[in-house]
There are 2 protein chains.
Amino acid sequence: MPFFEDIAVGMRREVGSFTFTAETIKKFAAQFDPQRFHLDEEEGRKSLFGGLAASGWHIGSVCMKLMVTDGQRLAREAAARGEPVAVWGPSPGFRELRWIKPVLAGDTISFASEIESLRTSESRPEWGILQARNTGTNQRGELVFSFLATGFVPRRSPGG
Amino acid sequence: MPFFEDIAVGMRREVGSFTFTAETIKKFAAQFDPQRFHLDEEEGRKSLFGGLAASGWHIGSVCMKLMVTDGQRLAREAAARGEPVAVWGPSPGFRELRWIKPVLAGDTISFASEIESLRTSESRPEWGILQARNTGTNQRGELVFSFLATGFVPRRSPGG
């Protein structure tokens, strides 16, 4: 993962895509969000979603999975080139999560992360703080999911 | 579930509790958040979390599960009393999600939902819009998780 100094506002990373099959939608819903329109095609069709719809928490969790595994790939590649790898801090949370359009069975969602703001931490000079807009876009190019994440990123030269 | 007219600011509902065992933490992490401190006790102890820590998305998903199942219980009870049951709309999203303290293996988190604001929809008079603060509190009474959810609730007498 990059250090704070390697990151600039506007940088965008495509982290991967996932097809929400009926099977994965129902499996997540049975565990974590057992509402009718997430569990049954016919109930989904009768609902405002218009079809078997993925739980919003499923969409967020899949986005997290792709961001983590893409970050791990980048870290492995940097390590293989002999570069130092930054270890990012845990996220304290996020803002403005929006489920903009339904994600229905068969939809393929591509996730991306774009840097919106960067600042250094006054109380902890070894850390920078970034905000990134994480998004999901379906196979028709429609934005379906968005949230503004906060992250702590180590500085290569604290106070520098 | 209640209708818009049955809800008042400040109403609070305890929706249940869940013990995050090492097994459930690792199972979720392997599927959706494969970071070291969510997968391995020793890596968790070496991390800022200080122990095997639940993924933030796991905490949110468990909160959702408890809110949905508690809502379904209330709806069944109302139906058994012969009362009309309101069907809530899907949530468009939420704001200000915060992971305030780590949730470590063995922690029991109690979730609650408290109404923060209520208003009627101008464009859709059959719906009211609520904001609810959903929280998780650990067995030591410490707030560990919070987000401000938005929901659409049907009105018993639209425009009334």
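Source: prediction; values computed, not measured. (Residues numbered from 1 in each chain as written. Chains lettered and ligands numbered in written order. Predicted model: local features only at pLDDT ≥ 70, side-chain atom pairs only at ≥ 80, totals over all residues. Heavy atoms only, no water.)

Just to check I follow, could you spell out the overall build of chain A for this structure?
Assigned secondary structure in chain A consists of four helices and five strands. Going residue by residue from the N terminus, the α and β elements of chain A occur as β-α-α-α-α-β-β-β-β. With respect to the principal axes defined by its C-alpha atoms, chain A has extents near 60 × 35 × 30 Å. Here chain A, with 160 residues, has 46% of them falling under the buried criterion. (Helix = DSSP H or I, 4+ residues; strand = E, 2+ residues; numbered from the N terminus. Buried < 20%, exposed > 50% of the residue type's maximum accessible area, 1.4 Å probe, protein only.)

How should I be thinking about the side chain of Asp70(A) in this particular structure?
All names here are of chain A. Counting through the fold element by element, aspartate 70 comes out in helix H4 (residues 56-80). Of the residues examined, aspartate 70 reaches a relative accessible area of 6% and is grouped as buried. In this view, aspartate 70 contacts Arg13, Glu14 and Val15; residues no more than four positions away in its chain are not counted. (Contact = heavy atoms within 4.5 Å.)

Could you clarify how one ought to interpret the confidence of the model for chain A in this entry?
Close reading of the predicted structure is inappropriate where its pLDDT is low. Residue and element names in this part refer to chain A. With 98% of its residues at a pLDDT of 70 or more, chain A has an overall mean of 93. The element-level mean pLDDT for chain A is lowest in strand E2 (residues 93-99), coming to 89, with helix H1 (residues 22-32) highest at 98. The ipTM for the predicted assembly is 0.90, set against a pTM of 0.92. (pLDDT = per-residue confidence, 0-100.)

How should I be thinking about the sheet that holds strand E3 (residues 108-120) of chain A in this particular structure?
For sheets, the rule is that strands pair by backbone hydrogen bonds, running either parallel or antiparallel. Taking strand neighbours across the sheet as the criterion, the ten strands line up as E1(A)-E3(A)-E4(A)-E5(A)-E2(A)-E2(B)-E5(B)-E4(B)-E3(B)-E1(B) in an open arrangement whose pairing is antiparallel. A single partner strand is all that each edge strand has here, and the edge strands are strand E1 (12-19) of chain A together with strand E1 (12-19) of chain B. On average, adjacent strands in this sheet sit at an angle of 20° to one another, irrespective of strand direction. When E1(A) meets E3(A), the two strands line up antiparallel, connected through seven bridges. (Pairing = 2+ DSSP bridges. Axes fitted to C-alpha atoms, helices over the stretch in contact; angles between N-to-C directions.)

Quick question: what am I supposed to make of the interface of chain A and chain B here?
For an interface, size is often stated in terms of accessible area lost upon the parts coming together. Taken together, the contact between chain A and chain B spans 33 residues of the former and 33 residues of the latter. Both faces combined, the contact of chain A with chain B buries some 2900 Å², and carbon together with sulfur accounts for 68% of it. On the chain A side of the interface with chain B, the three residues burying the most area are Phe32(A), Trp57(A) and Phe94(A), jointly 26% of the side's total. Between the two partners, chain A and chain B, sit zero salt bridges. At the level of secondary structure, the elements contributing two or more residues to the side of chain A that touches chain B comprise H1, H4 and E2 of chain A. Take the side of chain A that touches chain B: its biggest share by element is ten residues, from H4(A). Residues that form the side of chain A that touches chain B fall into these classes: 17 nonpolar, nine polar and seven charged. Here four bridges tie E2(A) to strand E2 (residues 93-99) of chain B, and the two strands are oriented antiparallel to one another. Note on E2(B): the bridge partner recorded for Leu97(A) is Phe94(B). (Buried area = accessible area lost by both parts, 1.4 Å probe. Salt bridge = Lys/Arg side-chain N within 4 Å of Asp/Glu carboxyl O. Nonpolar A, V, L, I, M, F, W, Y, C, P; charged D, E, K, R; others polar.)

Looking at this structure, I do not really get the relation of the copies chain A and chain B. What am I missing?
The second copy of the chain is related to the first by a rotation about an axis and a shift along the axis. If you rotate chain A by 180° and push it 0.0 Å along the axis, it lands on chain B with an RMSD of 0.0 Å. Overall, the copies show the geometry of a two-fold rotation axis. Taking C-alpha positions as the reference, the residue of chain A nearest the rotation axis is Arg95(A), at 2.6 Å. Comparing interface residues between copies, 100% of those in chain A also lie at the interface in chain B; the contact surface is shared. (Least-squares fit on C-alpha atoms with pLDDT ≥ 70 in both.)

Would you take a moment to explain unusual backbone geometry for this structure?
A negative phi angle characterises most non-glycine residues, just as the trans form characterises most peptide bonds. Although it is not a glycine, Glu96(A) sits at a positive phi angle of roughly 55°. When its relative accessible area of 30% is taken as the criterion, Glu96(A) is described as partly exposed.

Please clarify how helix H1 (residues 22-32) of chain B should be interpreted in this entry.
Along an α-helix, residues three or four apart share an orientation, since each turn contains 3.6 residues. All names here are of chain B. Looking at H1, one finds that the buried residues are Ile25, Phe28, Ala29 and Phe32. Here the buried residues of H1 occupy an arc of 100° about the axis, which is enough to place them on one side. In this structure, H1 carries Glu23 and Lys27 as exposed residues pointing more than 90 degrees from its buried face. (Arc of directions from axis to C-beta.)

I'm lost on the packing of H1(B) against helix H4 (residues 56-80) of chain B in this one. Help?
Axes are the key here: two packed helices are described by the angle between their axes and the distance separating the axes. Residues and elements named next belong to chain B. Contact geometry of H1 with H4 gives a least axis separation of 9 Å together with a crossing angle of 110°. The orientation of H1 with respect to H4, classified from their angle, is roughly perpendicular. Facing Thr24, Ile25 and Phe28 of H1, the residues of H4 in contact are Trp57, His58 and Ser61. Across the contact of H1 with H4, the residue classes break down as three nonpolar, three polar and no charged. (Parallel < 35°, antiparallel > 145°, perpendicular 65-115°, else oblique.)

Would you take a moment to explain the environment of Thr69(A) for this structure?
Residues and elements named next belong to chain A. Summarising the element assignment, threonine 69 is placed in helix H4. Judged by relative accessible area, which is 30%, threonine 69 ranks as partly exposed. Taking the C-alpha atoms as reference, threonine 69 lies 20 Å from aspartate 6; in sequence the two are 63 residues apart. A distance of 2.9 Å separates a polar side-chain atom of threonine 69 from the backbone oxygen of lysine 65. Polar contacts involving the side chain of threonine 69 include one to the main-chain carbonyl oxygen of leucine 66, which spans 3.4 Å. (Polar contact = N/O pair within 3.5 Å; in protein donor to acceptor, adjacent residues only side chain to side chain.)

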